[in-house]
Amino acid sequence: MPENLSALDLVLTGDPALFAIVRLALVVSLSAVLLAALIGVPLGAAIALSSFRGRDAAIVFLNAMMGLPPVVIGLIVYLALSRSGPLGEWGLLFTPQAMVIAQTILVTPIIAALARQTIEDLWLEYRDELTAMDVRPLRRITTLVWDARFSLITALLAGFGRAAAEVGAVIIVGGNIDGFTRTMTTAIALETSKGNLPLAIGLGLVLIAIVLAVNGLAWALRRAAERLAG
Amino acid sequence: MIRRLLLAVALAFAVPALAQDNSIVVASTTSTQDSGLFGDILPLFKRSTGIDVKVVALGTGQALDVGRRGDADVVFVHARSEEEKFVAEGFGVKRHPVMYNDFIVVGPRSDPAGVGKARDVVEALHIIRDKGLPFISRGDRSGTHVAELKLWKEAGIDLERDKGLWYKSIGQGMGAALNTASAADAYVLTDRGTWLSFKNKGGLAILVQGDKRLFNQYGVMLVNPAKHPHVKKAKGQQFIDWLIAREGQDAVANYKINGEQLFFPNAGDPNA
């Protein structure tokens, strides 16, 4: 990142380094949210609709996993992906893929736990109806997920917030490599360590603006979809 | 929408895999990155060889660990004893001296305790210990931390016995240590390169410099392909050869901040 420039200058001049960082931050976080949704929503729905021994314990565990410390997840993924680790053959350490893997692990419990609650609430409402109609279990899940889709957006946004804001995991598994694995949060950490506090704060404001924009877009999409759905 | 997102995910996974072909990973120190040296010389290396150098900047201890695990092709650090150990253990092929700069002790400009008046760094450390002046230690096994511990030892001060509330080990990088010292009007050992490029100096100033014990040598090593077969041996060696030959040495010498040279090439010095 060029020296002696404020974050505003970087935005206004369309600094390519800044845009590469923003693009990577968005691609990594959104990929992680998408993967986490593909795992977390069905998982949450399955727990919501099933009854098994230890279900309460499973729910407490899932809820607790929302508080997974990013640094610990970063370390575990680091050790797994390291050339000396079990998945070293993949050669993924210090790549954006490694960052997506770490963030997916962080975000999945958030989406699963929130989806579980949302779908369980809806299930209590629809249970008699769906049971009376003798709907098969898999079909029940898809029906409920579809009906809860607007509420589930909030779960995805909570996951995105977590992914976009965390620095502990991505800096360990990505290595904060200039032009390759540097994201908004790791760039902010770097500028802070260079004593360039105004640029660090400025980049922080840019990050907040991006998160706000993503949330605004999600809200607008939801509104438009609701209108279409009547 | 979903399809687009899936495509984006697929691209995120595919593109770096393709781009990885002509690159090496160098585990190095925060001082070489934060001082801006890499930003200045790596484009020159890329221009002459086409190789992308991906720098992971850590403390020297951590950077050597990354090399030990085989997660880097080249290690470029500054703690000679640790580097020689790395090679002796068979993790590095050969250690090549590259350049040097020096450590300095910085502290509050007003310096009421007179640390800046000390004849040498040993006397300065005695004043800090005797008066219990706040001192920030990296505490992270970095090259600077190793050098700091060696200086206390040379001063005949047993830290284990003498360290009290005045000695604050923060376990973070050089920049974080300087930020802490700047906020707390504390004393800290730093390399000159990071200091010159550091932007949050506040009330800090250089108090001790020029002592030959403050010499700071950098060395570079290829990670041993015999231990880690996937190491990009040819490209890693190409980087090392460039760094210690005329072109790289000139690039190091030409890197300046406000007209001041930060690092002094000395690859030709057999004793470095």
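Small disclaimer: the values here were computed from a predicted structure and weren't measured.

Caption draft 1: A look at the overall build of chain B. Tallying secondary structure elements over chain B gives 12 helices and 12 strands in all. The C-alpha radius of gyration computed for chain B amounts to 20 Å, which stays within 12% of the reference 19 Å derived for 272 residues, consistent with globular compactness. In terms of principal-axis extent, the alpha carbons of chain B reach across some 65 × 55 × 40 Å. Residues classed as buried in chain B amount to 55% of the 272 residues present. For chain B, the proportion of contacts with a sequence separation of at least 24, taken over those separated by at least 6, is 75%. Only carbon and sulfur atoms are counted for the fraction: they give 54% of the accessible area of chain B, which is about 11,900 Å². In chain B, 34 positive and 30 negative side-chain charges are present, and the distance between their average locations comes to 4 Å.

Caption draft 2: Structural view of the overall build of chain A. For chain A, the helix and strand inventory stands at 10 helices and zero strands. Projected onto the principal axes, the alpha-carbon positions of chain A cover approximately 70 × 50 × 25 Å. Residues classed as buried in chain A amount to 48% of the 230 residues present. For chain A, the proportion of contacts with a sequence separation of at least 24, taken over those separated by at least 6, is 71%.

Caption draft 3: Summary view of the domain arrangement of chain B. All names here are of chain B. In terms of domain boundaries, chain B breaks down into domain 1 (20-100 + 217-265) and domain 2 (102-214). In this assembly, domain 1 packs against domain 2 so that about 1,200 Å² is buried in total across both faces, 55% of it on carbon and sulfur atoms. If you look at where domain 1 meets domain 2, you find one salt bridge. In this structure, R141 and D65 form a salt bridge, with 2.8 Å as the shortest nitrogen-oxygen distance. One can count four residue pairs in polar contact (both at pLDDT 80 or more) joining domain 1 with domain 2. Among the elements of the structure, α2 (30-34) and α4 (60-68) are those that each provide at least two residues to the side of domain 1 that touches domain 2. The element best represented in the side of domain 1 that touches domain 2 is α4, accounting for four residues.

Caption draft 4: Up close: the interface of chain B and chain A. Facing the 30 residues of chain B at the interface are 31 residues of chain A. Summing both sides of the interface, chain B and chain A together bury roughly 2,500 Å²; the carbon and sulfur share of this comes to 63%. At the junction of chain B with chain A, the criterion picks out zero salt bridges. At the boundary of chain B with chain A, the tally comes to nine residue pairs in polar contact (both at pLDDT 80 or more). Split into classes, the residues belonging to the side of chain B that touches chain A amount to 15 nonpolar, nine polar and six charged.

Caption draft 5: Quick look at helix α9 (residues 174-184) of chain B. Residue and element names in this part refer to chain B. With eight of its 11 residues buried, α9 lies for the most part within the structure. The complete set of buried residues in α9 reads M174, G175, A176, A177, L178, N179, A181 and S182. Looking one or two residues past α9, D185 carries a phi angle of roughly 50°, positive in sign.

Caption draft 6: The arrangement of the nonpolar core in detail. Counting residues in hydrophobic clusters, the biggest one holds 75 residues, and the most contacted among them are I41, F76 and F239 of chain B. For F239 of chain B, the residues in contact, after removing those within four places along its chain, are I24, V26, L42, F45, V53 and V74 of chain B.

Caption draft 7: View of unusual backbone geometry. With a phi close to 50°, N176 of chain A is a non-glycine residue in the positive phi region. Relative to the elements of secondary structure, N176 of chain A occurs in the loop between α8 (168-174) and α9 (184-193). A positive phi angle is found at D185 of chain B, which is not glycine, with a value near 50°. By the secondary structure assignment, D185 of chain B is in the loop between α9 and β7 (187-191).

Caption draft 8: Spotlight on a nonpolar patch on the surface. Among the surface-exposed residues, L8, V11 and L12 of chain A lie close enough to one another that they form a single nonpolar patch of about 310 Å² accessible area. Relative to the helices and strands, L12 of chain A resides in helix α1 (residues 7-12).

Caption draft 9: Inspection of the side chain of N216 of chain B at higher detail. Residue and element names in this part refer to chain B. Along the chain, N216 falls in strand β9 (residues 215-223). Given the relative accessible area of 2%, N216 is considered buried. A polar atom in the side chain of N216 sits 2.8 Å from the side chain of N101.

Caption draft 10: Broad picture of the pattern of salt bridges. All names here are of chain B. Applying the stated criterion across every chain yields a total of 23 salt bridges over all chains. One salt bridge connects D162 with R129, and the closest N-O pair in it is separated by 2.4 Å. Highlighted residues: D162 in helix α8 (residues 159-162) and R129 in helix α6 (residues 121-131), separated in sequence by 33 residues. Judged by relative accessible area, which is 18%, D162 ranks as buried. Taken together, the shared-partner salt bridges connect D65, R68, E89 and R141 into one network.

Caption draft 11: A look at the packing of helix α2 (residues 16-49) of chain A against helix α6 (residues 137-147) of chain A. Residues and elements named next belong to chain A. Relative orientation of the contacting elements α2 and α6 amounts to 115°, with a least axis distance of 10 Å. Overall, the two elements α2 and α6 adopt an arrangement that is roughly perpendicular. For the pair α2 and α6, the sense of crossing is right-handed. Residues V41, A45, A46 and L49 of α2 touch α6, and the partners they reach there are R140, I141, L144 and V145.

Caption draft 12: Highlighting the pairing of strand β4 (residues 92-108) of chain B. All names here are of chain B. Across the 17 residues that make up β4, a large majority, 14, are buried. Examined bridge by bridge, β4 and β7 share four bridges and lie antiparallel to one another. Within β7, the position partnered with I104 by the bridge is T190.

Rules of the game
Residues numbered from 1 in each chain as written. Chains lettered and ligands numbered in written order. Predicted model: local features only at pLDDT ≥ 70, side-chain atom pairs only at ≥ 80, totals over all residues. Heavy atoms only, no water. Helix = DSSP H or I, 4+ residues; strand = E, 2+ residues; numbered from the N terminus. Rg over C-alpha atoms; globule rule 2.2 N^0.38 Å. Buried < 20%, exposed > 50% of the residue type's maximum accessible area, 1.4 Å probe, protein only. Contact = heavy atoms within 4.5 Å. Areas by Shrake-Rupley, 256 points an atom, 1.4 Å probe, with all protein chains shown as cover. Lys, Arg positive; Asp, Glu negative; His and termini not counted. Charge placed at Lys NZ, Arg CZ, Asp CG, Glu CD. Domains from an automatic or database assignment. Buried area = accessible area lost by both parts, 1.4 Å probe. Salt bridge = Lys/Arg side-chain N within 4 Å of Asp/Glu carboxyl O. Polar contact = N/O pair within 3.5 Å; in protein donor to acceptor, adjacent residues only side chain to side chain. Nonpolar A, V, L, I, M, F, W, Y, C, P; charged D, E, K, R; others polar. Core = buried A, V, L, I, M, F, W, Y, C linked by side-chain atoms within 4.5 Å. Patch = residues over 30% accessible without salt bridge, like charges linked within 9 Å, V, L, I, M, F, W, Y side chains within 5 Å. Axes fitted to C-alpha atoms, helices over the stretch in contact; angles between N-to-C directions. Parallel < 35°, antiparallel > 145°, perpendicular 65-115°, else oblique. Left-handed = near helix turned anticlockwise from the far one by under 90°. Pairing = 2+ DSSP bridges.

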